[in-house]
Amino acid sequence: MSADPRPVRGPLVDSYGRVHRDLRISVTDRCSLRCTYCMPESGMPWLPRDTMLTTPELVRLAGVAVSLGIEEVRLTGGEPLLRRDLVEVVAGIAALDPSPEISMTTNGVGLAKVAGALREAGMTRVNVSLDTLRRETFIELAKRDRLGDTLAGIEAAAHAGLTPVKINSVLMRGVNDHEAVDLLAFALEHGYEQRFIEQMPLDAQHQWDRSQMIVGEEILDRLRAAYELTPLPDEARGSAPAELFLVDGGPATVGVIASVTMPFCGTCDRVRLTADGQVRNCLFATGETDLRGPLRDGATDDELADLFRASIGAKLPGHAINDPTFLQPPRPMSRIGG
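Every value quoted in this text rests on a predicted model; they were computed, and no experiment measured them.

1. Considering helix α7 (residues 216-224)
Logical step 1: Every buried residue of α7 is accounted for by Gly-216, Ile-219, Leu-220 and Leu-223. Seen from one end, α7 has its buried residues packed into an arc of 95°, which puts them on one side.
Logical step 2: Looking at the buried side of α7, the elements it contacts are α6 (180-190), β8 (193-197), β9 (229-231), β10 (243-247) and β11 (253-257).

Okay, here's the thing in structure tokens:
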């Protein structure tokens, strides 16, 4: 059944008054790297292709979400650049009315080839994962020798106008935690925005060890050894996950996303759609709402909107990582979307 011509009204508000404006769409669970905090070196069984949302399905669901007040769509994976029709996906979402801001989280491998096309299709900016500037460490972490490709992708994104380019880095004890200052210096030198992220319990192996995590305060201590950091007021952060600091008086900033030790659930405005059409109201949710089945069974846009609303209505006040009863979600990060 085709989409309804009648508009669906928003917004998406949960029972705690949080208004959801940010939709993260995973376009694939596949990835070109094997970062140790995400999946094993041998990889994982990929989702069956017939369960994956087609481009028309994905764009239609994005349209329903936009009608419910979604203002930004972030494309994620896996690695979104492995989706062959990614440019068409971006163009389809950009053609929605109103048109949301479109961004992407990527490992940067392959970005140099398509950065210009993505910008022309309507993408506005990218976040690129970069945990190290050392080739040997990159190979140890990602199990692939692709540091040069990632750096080329970052440069191409900046050249294409996919700005501000944000660099996402996860520090791991005894592996790359000594690179915090170097990573920030690299970002400052090239005009990128550096973000450090605490390692979260979302690995496929379920081997996350809290005692080995480099926490937000440790990250800040390492950075303060080389830079003066001035915290920005809370209103500058809004619903963004990163706590921001001016570096040496600014204007450049560095962000720390301390999802585990300093959770920001009270201002969370994000909802996620997996590559196989499941709505997740929290990154750490243990339950999902199926949209693919109803969509393929002929559901109207109003009915799909009701499913979005029901998912958000059931959202918990927080992720409960610090509660003794916390259970790691069965889906790893690569099957959720960041």
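There's plenty left to go through after this.
2. Side note on the pattern of salt bridges
Logical step 1: Scanning the model with the defined rule gives 21 salt bridges in all.
Logical step 2: Residues Glu-179 and Arg-134 are paired through a salt bridge, measuring 2.9 Å at the closest nitrogen-oxygen approach. Here Glu-179 is found in the loop between β7 (166-170) and α6, whereas its partner Arg-134 is found in the loop between β6 (125-129) and α4 (135-142), with 45 residues between them in sequence.
Logical step 3: The class for Arg-134 is partly exposed, based on a relative accessible area of 32%.
Logical step 4: Residues Arg-222 and Glu-218 are paired through a salt bridge, measuring 3.7 Å at the closest nitrogen-oxygen approach. With Arg-222 and Glu-218 both in helix α7, this residue pair falls four residues apart, about one helical turn.

3. Remarks on helix α2 (residues 86-94)
Logical step 1: Here α2 has its buried residues at Leu-86, Val-89, Val-90 and Ile-93. Along α2, the residues classed as buried sweep out an arc of 95° about the axis, all on the same side.
Logical step 2: Where α2 is buried, its residues touch α1 (55-67), β4 (72-76), β5 (101-106) and α3 (111-121).

4. Focus: unusual backbone geometry
Logical step 1: A cis amide bond, omega 20°, links Gly-77 with the succeeding residue Gly-78.
Logical step 2: Position of Gly-78 among the secondary structure elements: in the loop between β4 and α2.
Logical step 3: The amide bond that connects Asp-97 to the next residue, Pro-98, takes the cis arrangement and shows omega of 5°.
Logical step 4: The residue Pro-98 is located in the loop between α2 and β5 in this model.
Logical step 5: In this structure, Lys-143 is a non-glycine residue whose phi angle is positive, near 60°.
Logical step 6: Judged by relative accessible area, which is 28%, Lys-143 ranks as partly exposed.
Logical step 7: Residue Asp-248 is not a glycine yet carries a positive backbone phi of 50°.

5. Thoughts on the environment of Gly-249
Logical step 1: Locating Gly-249 in the fold gives a position in the loop between β10 and β11.
Logical step 2: The exposure class assigned to Gly-249 is exposed, which follows from its relative accessible area of 53%.

6. So, the sheet that holds β4
Logical step 1: Here we have twelve strands laid out as an open sheet, ordered β9-β10-β11-β8-β7-β6-β5-β4-β3-β12-β13-β14, and mixed in their pairing. Looking at strand neighbours, the two that pair on one side only are β9 and β14 (289-290), the edges of this open sheet.

About the thresholds
Residues numbered from 1 in each chain as written. Predicted model: local features only at pLDDT ≥ 70, side-chain atom pairs only at ≥ 80, totals over all residues. Heavy atoms only, no water. Buried < 20%, exposed > 50% of the residue type's maximum accessible area, 1.4 Å probe, protein only. Helix = DSSP H or I, 4+ residues; strand = E, 2+ residues; numbered from the N terminus. Arc of directions from axis to C-beta. Contact = heavy atoms within 4.5 Å. Salt bridge = Lys/Arg side-chain N within 4 Å of Asp/Glu carboxyl O. Pairing = 2+ DSSP bridges.

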